[in-house]
Amino acid sequence: MAKTFTRLMVATLLGAGVSLASLVARADPAPDMNNWDAVVKQANGQTVYWYAWGGEPRINDYIAWAGGQVQERYGVTVKQVKLADTANAVSKVVSEKAAGKTDGGAVDMIWINGENFAAMKRNDLLFGPWVEQTPNFKYVDVTGKPTTVNDFTVPTDGLEAPWGMAQLSFFYDTARVKTPPQSAKELLAWLQNHPGRFTYPQPPDYMGSSFLKQVLSELVADPAVLQKPADQADAQKVLAPLWTYLAKLQPVLWREGKAYPANGAALRAMMADNEIDIGFSFSAAEVSAAIANFELPDTVRSFVFKGGTLGNTNFVAIPFNASAKAGAVVLADFLMSPQAQLRKQNPEIWGSFTVLDMDKIPAADRKAFDALDLGVATLSPAEMGNVLPEPHPSWMELVESEWQKRYGVAQ
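Description of the structure in this document. (Residues numbered from 1 in each chain as written. Predicted model: local features only at pLDDT ≥ 70, side-chain atom pairs only at ≥ 80, totals over all residues. Heavy atoms only, no water.)

### A look at unusual backbone geometry
Working step 1: A cis amide bond links glycine 128 to the next residue, proline 129, at an omega of 10 degrees.
Working step 2: Within the fold, proline 129 resides in the loop between α6 (115-122) and β4 (150-151).
Working step 3: A cis amide bond links proline 203 to the next residue, proline 204, at an omega of 15 degrees.
Working step 4: Within the secondary structure, proline 204 is located in the loop between α7 (184-193) and α8 (206-219).
Working step 5: For arginine 255, which is not a glycine, the phi torsion comes out positive at approximately 55 degrees.
Working step 6: Relative to the assigned elements, arginine 255 resides in the loop between α9 (235-249) and α10 (264-272).
Working step 7: Taking the relative accessible area as the measure of exposure, arginine 255 reaches 52% and is therefore exposed. (Helix = DSSP H or I, 4+ residues; strand = E, 2+ residues; numbered from the N terminus. Buried < 20%, exposed > 50% of the residue type's maximum accessible area, 1.4 Å probe, protein only.)

Structure below.
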């Protein structure tokens, strides 16, 4: 979904600004999170500018629906600012802080996770904590889905609200592949027998970087080392198995690894055009939705590796200088509601798995989730198998930069 807004960029921009203490002292009063009625009253009439990735029409439609709901219920207007890269929203907040703009900022809410959240938290660019005081947070599964409170190993500390689960899954056309590979090593062996029939989006595209992290997570000698910052390990030694693997994989990729699809949507289109036999996604119901929309043949099905695949949570966060903090809090709370989560999990709408605990929500809502048809190619939560933890954000930065040195130049 996004590339990294680096520590160096943050430090450079902040160096032109004023001290954090003086900035916070001049900020507008925050909504009183101990008085929800007051938060809702304060939100009424506000306009929330939500900076969110805009690359999928079905997701944009869902955001528009959510905006209509909070307008009707709370008098809050939502305007989506569609991004190609989340780092653009982060850089806007950083620039405003460097310029001393401590209130009335342009960004009210950001769809965020991973290294961008880590950078904003590290540099005190976020409003909060506020999440645990919202009414619908009590339904979130913080035990069975620990990534709802730990974002790429970084504790959220109430600074961002979970609104969707994501786990890497692969898809293949059963008309062309009889037995899909069950690990990164098996994928390499399969591709050596079927050269050109697989590829991955070019890093730092989120999907491409995720594939590299999946391979690294499977091949690293001690997976625990990935849960700590890269500078606390012998990073080149840790990454060595990944480069050895890619040295064998790249020559048998689509177009011999000399060109790459731009993103996950392009990868899906290549499957539809019979250019590849295996693709992958971070959305559990993406394939079913594509089949329903006649984008993919109905012989395509999903699978995961036996040892597990990377999983994480999508969040929304509010910048420290947002103009409509109360409105953003009310919107984020609605996104965690059973109604909003049920609609989000519906593959005909989006197909993103819920962050909620089915044992915590009201019985009627649980029944509605149970009755949801996930689609012909969607794996159930149980079939998704083991969830591998995302590495610390610093590993993603390092993998992307090292990959660029080796394979990023057009050939």
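### A closer look at the sheet that holds strand β9 (residues 300-303)
Working step 1: The strand order across the open sheet built from three strands is β8-β7-β9, with neighbouring strands paired in antiparallel fashion. What marks the edges here is a single partner per strand, and that holds for β8 (278-281) and β9. Between one strand axis and the next, the sheet turns through 30 degrees on average, direction left out of account.
Working step 2: As defined by bridge partners, strand β7 (residues 169-173) adjoins β9 across four bridges and the pair is classed as antiparallel. Counterpart to aspartate 173 in the pairing with β9 is valine 300. (Pairing = 2+ DSSP bridges. Axes fitted to C-alpha atoms, helices over the stretch in contact; angles between N-to-C directions.)

### Quick notes on α7
Working step 1: Residues of α7 that are buried: Ala184, Leu187, Leu188, Trp190 and Leu191. An end-on view of α7 places all buried positions within 165 degrees of arc, on one side of the element. In α7, the exposed residues that point more than 90 degrees away from the buried face are Lys185 and Asn193.
Working step 2: Considering only its buried residues, α7 is in contact with α8, α9 and β8. (Arc of directions from axis to C-beta. Contact = heavy atoms within 4.5 Å.)

### Describing the packing of aromatic side chains
Working step 1: Enumeration according to the criterion identifies 23 aromatic pairs in this entry.
Working step 2: Judged by centre distance (5.4 Å) and plane angle (55 degrees), the ring pair of phenylalanine 198 and phenylalanine 211 falls under tilted. One end of the pair, phenylalanine 198, is in the loop between α7 and α8; the other, phenylalanine 211, is in helix α8, and 13 residues separate them in sequence.
Working step 3: Residue phenylalanine 211 is classed as buried on the basis of its relative accessible area of 1%. (Phe/Tyr/Trp six-rings, centres within 6.5 Å; stacked < 30°, edge-to-face > 60°.)

### Brief notes about the pairing of β8
Working step 1: Neither face of β8 is open: one carries Ile278 and Phe280, the other Gly279 and Ser281, and all of them are buried.
Working step 2: Of the pairings in the sheet, the one linking β7 to β8 comprises four bridges and is antiparallel in character. Bridging from a neighbouring strand, serine 169 pairs with serine 281 of β8.

### Some points on helix α13 (residues 338-345)
Working step 1: Inspection of α13 places Pro338, Ala340, Gln341, Lys344 and Gln345 among the buried residues, and these make up the whole buried set. Buried residues along α13 cover an arc of 165 degrees about the axis, so they all sit on one side.
Working step 2: Elements that come into contact with the buried residues of α13 comprise α4 (57-74), β6 (160-167), α12 (325-335) and α14 (363-370).

### A look at the packing of α7 against α9
Working step 1: Contact geometry for α7 and α9: axes closest at 10 Å, N-to-C directions at 20 degrees. What the angle tells us is that α7 and α9 run roughly parallel. As α7 runs across α9, the sense of the crossing is left-handed. For the pair α7 and α9, the contacting residues are Ala184, Lys185, Leu187, Leu188, Leu191 and Gln192 in the first and Tyr245, Lys248 and Leu249 in the second.
Working step 2: Grouping the constituent residues of the contact of α7 with α9 by class yields six nonpolar, one polar and two charged. (Parallel < 35°, antiparallel > 145°, perpendicular 65-115°, else oblique. Left-handed = near helix turned anticlockwise from the far one by under 90°. Nonpolar A, V, L, I, M, F, W, Y, C, P; charged D, E, K, R; others polar.)

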